[in-house]
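One letter stands for each residue in the lines below.
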Amino acid sequence: MSTFLILALALGGTALSGIKIINQGDEALVEQLGKYKGKRLEPGINYVIPVLERVAYRQTLRERVIDIPPQQCITRDNVSITADAVVYWRVVDLEKSFYKVENLQMAMTNLVLTQIRSEMGKLELDETFTARERVNEVLLQDLDIATDPWGVKVTRVELRDIIPSKAVQESMELQMSAERRKRAAILTSEGERESAVNSARGQAEAQVLEAEARQKAAVLAAEGERQAIVLKARADQERQVLQAQATAQALKIVAQSLQQDPKAAEALQFLIAQSYLATGQAIGSSNSSKVMFMDPRNILSTLESLKTLTGD
């Protein structure tokens, strides 16, 4: 009875040992008597036949990261640099990743190191700092193709640090310092040149404005003089017209008076003689006057002549 119980317990323990629980995101390969026949264990509860079957390989299918350590590289212009990277990858075919390569992660690490040295050797030192995105894309393509037989999908490759040697860093610092001094000198000279150009341009514009102002002032003065002359001439013309009209009106009135009153002729003669004497007095009082001699004996004859004229 005890022997049967022990045997039952042994068989029950053996049967229970065949129960395998696979976590979500994982997968396992099962070999039957040392040979893989395509049996896989999916996430959840699975059962393998004790003694005949065993779980040969269990791995996650989630994305993983390989941290590539820094390594020495030589650029195309023979400069020593140190570069490291990080690789994101995941297993897409568990069978290939186990049976096609031994120690998958080590194989991928060595492959990435080789590819980084190869790509850095194609670039000059200055290009390694500016062509990082292009290098990442090339590494991704090459690694994805190289790891495809291993059932691996490389999803992303990122170069992290590219560090030149200490001697190269010192040379680069000296070069950058010289370049900054050069740019500062160029900027200073350009500033002085622009300042001189702006100053000369300002002086030229000021002279042009001054000349234009003088020209406008001369034009306005000439226009003012012209308008003054025109106004004066117009005023003289109007004055002469008014005088002529007044004279004509006066002559008309005189003519009418002569026709209506015969004695008005004597009054006209008196006025003409008075005007004649007033004219002589005006000539005598002028600063540029001339002396006008008149024979007193001829005054009466002159008046008689005027009288004859008025009579006519």
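Residues numbered from 1 in each chain as written. Predicted model: local features only at pLDDT ≥ 70, side-chain atom pairs only at ≥ 80, totals over all residues. Heavy atoms only, no water.

Asker: Talk me through the sheet that holds strand β5 (residues 53-60); I want residue IDs and the actual numbers.
Answerer: Taken together, the three strands give an open sheet; going across it, the order is β3-β2-β5, and neighbouring strands pair in antiparallel fashion. With partners counted over all chains shown, the strands left at the sheet margins are β3 (35-41) and β5, one partner each. Neighbour-to-neighbour, the strand axes of the sheet open up by a mean angle of 30°, direction not taken into account. Inspection of the sheet shows strand β2 (residues 26-32) paired to β3 by five bridges, in the antiparallel sense. (Pairing = 2+ DSSP bridges. Helix = DSSP H or I, 4+ residues; strand = E, 2+ residues; numbered from the N terminus. Axes fitted to C-alpha atoms, helices over the stretch in contact; angles between N-to-C directions.)

Asker: Tell me about the packing of aromatic side chains, and name the residues and values.
Answerer: Per the counting criterion, the structure on display carries three aromatic pairs. Both rings, one in Tyr36 and one in Tyr99, keep their centres 5.5 Å apart while their planes meet at 35°; by these two values the pair is tilted. Taken together, the residues Tyr36 in strand β3 and Tyr99 in helix α2 (residues 94-99) connect sequence positions 63 residues apart. Judged by its relative accessible area of 36%, Tyr99 falls in the partly exposed class. Centre to centre, the rings of Phe98 and Tyr99 are 4.8 Å apart; their planes meet at 75°, and the pair counts as edge-to-face. For Phe98, a relative accessible area of 28% gives the class partly exposed. (Phe/Tyr/Trp six-rings, centres within 6.5 Å; stacked < 30°, edge-to-face > 60°. Buried < 20%, exposed > 50% of the residue type's maximum accessible area, 1.4 Å probe, protein only.)

Asker: So what's going on with the pattern of salt bridges? Residues and values would help.
Answerer: Any two side chains of opposite charge can pair, so long as their charged atoms come close to each other. Summed over the entire model, instances satisfying the criterion amount to 15 salt bridges. Salt-bridge contacts for Lys153 lead to Asp144; the nearest nitrogen and oxygen are separated by 3.0 Å. Residue Lys153 is classed as partly exposed on the basis of its relative accessible area, which comes to 33%. The partner of Arg214 in a salt bridge is Glu210, with the nearest N and O atoms 3.1 Å apart. Taken together, the residues Arg214 and Glu210, both in helix α6 (residues 166-260) and four residues apart, mark about one turn of the helix. By relative accessible area, Glu210 is classed as partly exposed at 47%. Here the salt bridges do not stand alone but share partners, grouping Glu27, Arg40, Asp93 and Glu95 into one network. (Salt bridge = Lys/Arg side-chain N within 4 Å of Asp/Glu carboxyl O.)

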